[in-house]
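Summary of structural features
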Amino acid sequence: MTTRELPTFCRICEPLCGLIATVEDGKLVRLRADKDHPLSRGNACPKGIAFTEIQNDPDRVLYPLRRTASGEFERVSWDTALDEIGERLRGLIDEHGIDSLGWYFGNPSSFSYSHTLWMVGFQLAAGLKHVYSAGSQDINNRFVASELLYGSLTRVPVPDLDRTDFLLMLGANPLVSHGSVLSAPRIREKLTAITKRGGRVVVVDPRKTETAKLFEHIGVRPDGDAWLLASLLQVIFDEGLEDDGALRRQATGVRELRDAVRRFTPECTAEATGLEPDRVRALARDLARAESAAVYGRTGTCLGRHATLVAFLIDALSLVTGNLDKPGGSVFGKELVAVSELSAGLGFVGYGKNHSRIGGFPDVLGTFPAAIMAKEITTPGPGRLRALFTSAGNPVSSVPNGRELAAALTELDLFVSIDIYVNDTNRAADYILPATTFLERDDIPLPFTAFSPTPYTQYTERVVEAYGEAREEWRIIDAIATRIGVQPFAVGPARPVGRLLSALRRRVPGLAAARPTPALLADLALRTGPYGDRFGLRRGGLSLRKLRRHPHGVVLADGITTGVLRDVVRHKGGRVRLDPDEIIVELRTLAARPSDPTYPLRVIGLRELKSHNSWMHNVEPLMRGDREHAARINPKDAAVAGISDGDRCRVTSAHGSIEVIARLTEDMTVGTVAIPHGWGHDGGWQRANAAGGANVNDLMSTDLADVERLAGMSNLNGVPIRLDPVA
Ligand SMILES: Nc1nc2c(c(=O)[nH]1)N[C@H]1C(S)=C(S)[C@@H](COP(=O)(O)OP(=O)(O)OC[C@H]3O[C@@H](n4cnc5c(=O)[nH]c(N)nc54)[C@H](O)[C@@H]3O)O[C@H]1N2
Ligand SMILES: Nc1nc2c(c(=O)[nH]1)N[C@H]1C(S)=C(S)[C@@H](COP(=O)(O)OP(=O)(O)OC[C@H]3O[C@@H](n4cnc5c(=O)[nH]c(N)nc54)[C@H](O)[C@@H]3O)O[C@H]1N2
Ligand code: SF4
Ligand SMILES: [Mo]
């Protein structure tokens, strides 16, 4: 028996904690936290350690599956699956054109550089329009806000945790989520260090979360953030607390923003925010007067009805208080590879380059709102979506109105999924193609360095060979592309990348691969990027080869360099735009959702330590004990509805209805109910199916009027509901 201990890192969530994998005869037997990782230093959460169970899960899909006439899956060979898929695709393209083909990629794809690269390469080369992702349920509003503010879609500031005196955090719960668009292992320590050195952490959240309990809590009403932020700005301008120097140096459109927020006095917004005006005034003053302050918002601020406006106002508040691009403020990390420059220079991804057939929504980074996917499938006419691929996604569980999407999927001419499980979505697929887990592929987490207050990166080889016949996503995408005569990076807007690769392959020794591979592309991007070795021109610079010599990862700098705003901003004149029409119009017309006595309460989401979106409920060690799918309800609201702790209750919105267990807790502000997403399974994962619960997204709407206009964000937080006891 050979036993090996291999350093690698976790790719479930954003801190990317260092792990040591124990491998015996090609099988993973254990994962533990890597003490030698420079930042996570022996820290990992229960999910990371429990990934062993997923790696070895008997319910995993390890062979290509084809659905039979009776609805069961049968094992087929790779050649059979790929040839049949290719033939059906060619037929569809001949008859209906390439626009009949679409793709949805889910959250785990962000943690696989090769998956993302080949997906983008294929999308661009084939000219796919029907592209959807988890981004419209997560973060696309943040990108659009950056486009409006900075003219740079992918540049997002992060709070300078190690230096800040005041962190204002809205709609994030890093003690459970471990940080998002903020890659910081041991984040709890970083947050408590702020208060230990005399600073403050203020958490704005309708629920008194794990994070809020440790610090100061402001119990805002769901979807009240736009009003709260506008009020903070109103007070700051009204009391002359703004940083004039910063505004002059960094911004244009200050007067328009000031005028637009003038009507939002804390008294006027108290109804929408649920907050005492004095409290809002004190917060505005404290924030403006703090030595340094960072304003940070995450998914709680992204899934309301004004998501882009809220993301915009968060950065505007940093800027107006003189905290943008300043030590201890909201700062812009250096990208590991120059994605922003590349995309701006080559112009192949952006905002509003296309508009969706249904609803006319602008694309964000080449993707349309996933909320309209079902209607794109069911609405006849040219450009109808007829063949759908999903990779690393479970949209029936994660996008609004899961039932509508599940029904629409049955109307597809072809549905192919690349996944490690039969999940709640691909159970309806014609083919399921088995992907490798993250331990079965090499990786370099390209997007995350820029979001780390302590910039770092790591490269890992696969630590186990693929089990069964699992294949890396990029190879599957490549094989499908080949079957329809498309070569990623060979044609279309990304062609210059392909050309560059060919040229380099000829000239640079050591790059002599037969054809482009993700590793080659990543190495090229890394070496020519901000930290790169420029093929030897810059001593100490990075290359994949160099990263291989540091298997526990490397810290690239002590902290984020400030004073870079001029490089970030792409608007003419190099200054941040505080008055884009889209934002000023929305501020002028902002109106609270009228209350409806039929649905007096509001539902929001909740993440749990031992769940990960929809896909870790099959892991026995994470499911032991008292795991249940429960709605968290304030006792006052429960009393009104006639519900006691532990009862089953019915939750009804204007769009659907589910049954869950009721748990009463003072952690909830009155009027708000929190229900986790990603439960209520019906796939090939037996433990998950047995866990019960319901799909909270059955309560959510895909009406076009309920999809946020600017970024196509799904409205998943703050949705009006009613509670009823179940007999
Ligand atoms: N109500 C509500 N809904 C939400 C949210 C919310 O807060 N509230 N949050 C939203 C957010 S932020 C997100 S990111 C989305 C997530 O939404 P999705 O990305 O659609 O769904 P996941 O639950 O992440 O499912 C991921 C799938 O990928 C598979 N998988 C895991 N690892 C791999 C791999 O390495 N390769 C491949 N090919 N497959 C893999 C899993 O088996 C699973 O089927 O949910 C969104 N939905
Ligand atoms: N354990 C665990 N970790 C995860 C995940 C997981 O499923 N489980 N998912 C990962 C993913 S995909 C992501 S995107 C990140 C997300 O990372 P976070 O955004 O930090 O995670 P959440 O716990 O969803 O935090 C959102 C908070 O917003 C609050 N909220 C809801 N509505 C509103 C509102 O209208 N206004 C305000 N101010 N707050 C509101 C909720 O109560 C919640 O506490 O987490 C990642 N990490
Ligand atoms: S916090 Fe947990 S799930 Fe996230 S990267 Fe670290 S070990 Fe993995
Ligand atoms: Mo997410």
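As recorded by an unreviewed UniProt entry, the protein chain carries the name Molybdopterin-dependent oxidoreductase and is attributed to Nocardia aurantiaca. Here the protein chain is described in UniProt, under the heading Sequence similarities (unreviewed entry), as follows: "Belongs to the prokaryotic molybdopterin-containing oxidoreductase family."

The full set of residues close to ligand 3 is Cys10, Ile12, Cys13, Pro15, Leu16, Cys17, Ala44, Cys45, Lys47, Gly48 and His178. Looking at the shell around ligand 3 residue by residue, the classes come out as eight nonpolar, two polar and one charged.

What follows covers the domain arrangement of the protein chain. Partitioning the protein chain into structural domains gives domain 1 (3-55), domain 2 (65-138 + 350-508), domain 3 (148-335 + 564-589) and domain 4 (601-725). A C-alpha centroid distance of 28 Å is found between domain 3 and domain 4. Contacts between the two partners involve 22 residues from domain 3 and, on the opposite side, 20 residues from domain 4. Among the residues of domain 3 in contact with domain 4, Arg207, Pro222 and Leu303 are the three that bury the most area, contributing 34% of the side total. Seen at the junction of domain 3 and domain 4, the total is one salt bridge. Between Asp667 and Lys213 there is a salt bridge; the shortest N-O distance is 2.9 Å. At the junction of domain 3 and domain 4, the tally comes to eight residue pairs in polar contact (both at pLDDT 80 or more). When contributions to the side of domain 3 that touches domain 4 are tallied by element, the ones reaching two or more residues are helix H5 (174-177), helix H13 (307-320) and helix H23 (581-589). The element best represented in the side of domain 3 that touches domain 4 is H23, accounting for three residues.

Now for the sheet that holds strand E7 (residues 130-133). Taking strand neighbours across the sheet as the criterion, the seven strands line up as E5-E4-E19-E18-E17-E6-E7 in an open arrangement whose pairing is mixed. Each end of this open sheet is capped by a strand with a single partner; those strands are strand E5 (73-75) and E7. Neighbour-to-neighbour, the strand axes of the sheet open up by a mean angle of 20 degrees, direction not taken into account. Pairing between strand E6 (residues 101-105) and strand E17 (residues 387-391): five bridges, direction parallel. Its bridge partner being in E17, Tyr104 is matched across the sheet by Thr390.

The next point concerns the packing of helix H8 (residues 225-238) against helix H11 (residues 266-273). Between H8 and H11, the least distance of the axes is 9 Å, while the angle of their chain directions is 165 degrees. Relative to H11, H8 is oriented roughly antiparallel. Crossing of H8 against H11: the hand is left-handed. Contacts between H8 and H11 pair Trp227, Leu228, Ser231, Gln234 and Val235 from the former with Pro266, Thr269, Ala272 and Thr273 from the latter. Per-class residue counts for the contact of H8 with H11 are five nonpolar, four polar and no charged.

Ranked by size, the top nonpolar core spans 117 residues in total, and within it Leu168 and Leu587 carry the most contacts. If you tally residues by element for this core, the top one is H13, at eleven residues. Setting aside residues up to four positions removed in sequence, Leu168 forms contacts with Val202, Val204, Leu232, Leu283, Leu287, Ala294, Val295, Tyr296 and Leu317. One finds Leu19, Leu433, Tyr467 and Ala479 within the second-largest nonpolar core, a separate group that totals 60 residues.

As a further point, take the pairing of strand E13 (residues 294-297). Side chains of E13 alternate between two faces, with Ala294 and Tyr296 and Val295 and Gly297 buried alike. Note that strand E9 (residues 166-170) and E13 share four bridges and pair parallel. Looking across to E13, one finds that Met169 is bridged to Tyr296.

What counts as what
- Residues numbered from 1 in each chain as written.
- Chains lettered and ligands numbered in written order.
- Predicted model: local features only at pLDDT ≥ 70, side-chain atom pairs only at ≥ 80, totals over all residues.
- Heavy atoms only, no water.
- UniProt positions renumbered as here; feature names shortened; annotations may be inferred.
- Near = heavy atom within 4 Å.
- Nonpolar A, V, L, I, M, F, W, Y, C, P; charged D, E, K, R; others polar.
- Domains from an automatic or database assignment.
- Contact = heavy atoms within 4.5 Å.
- Buried area = accessible area lost by both parts, 1.4 Å probe.
- Salt bridge = Lys/Arg side-chain N within 4 Å of Asp/Glu carboxyl O.
- Polar contact = N/O pair within 3.5 Å; in protein donor to acceptor, adjacent residues only side chain to side chain.
- Helix = DSSP H or I, 4+ residues; strand = E, 2+ residues; numbered from the N terminus.
- Pairing = 2+ DSSP bridges.
- Axes fitted to C-alpha atoms, helices over the stretch in contact; angles between N-to-C directions.
- Parallel < 35°, antiparallel > 145°, perpendicular 65-115°, else oblique.
- Left-handed = near helix turned anticlockwise from the far one by under 90°.
- Core = buried A, V, L, I, M, F, W, Y, C linked by side-chain atoms within 4.5 Å.
- Buried < 20%, exposed > 50% of the residue type's maximum accessible area, 1.4 Å probe, protein only.

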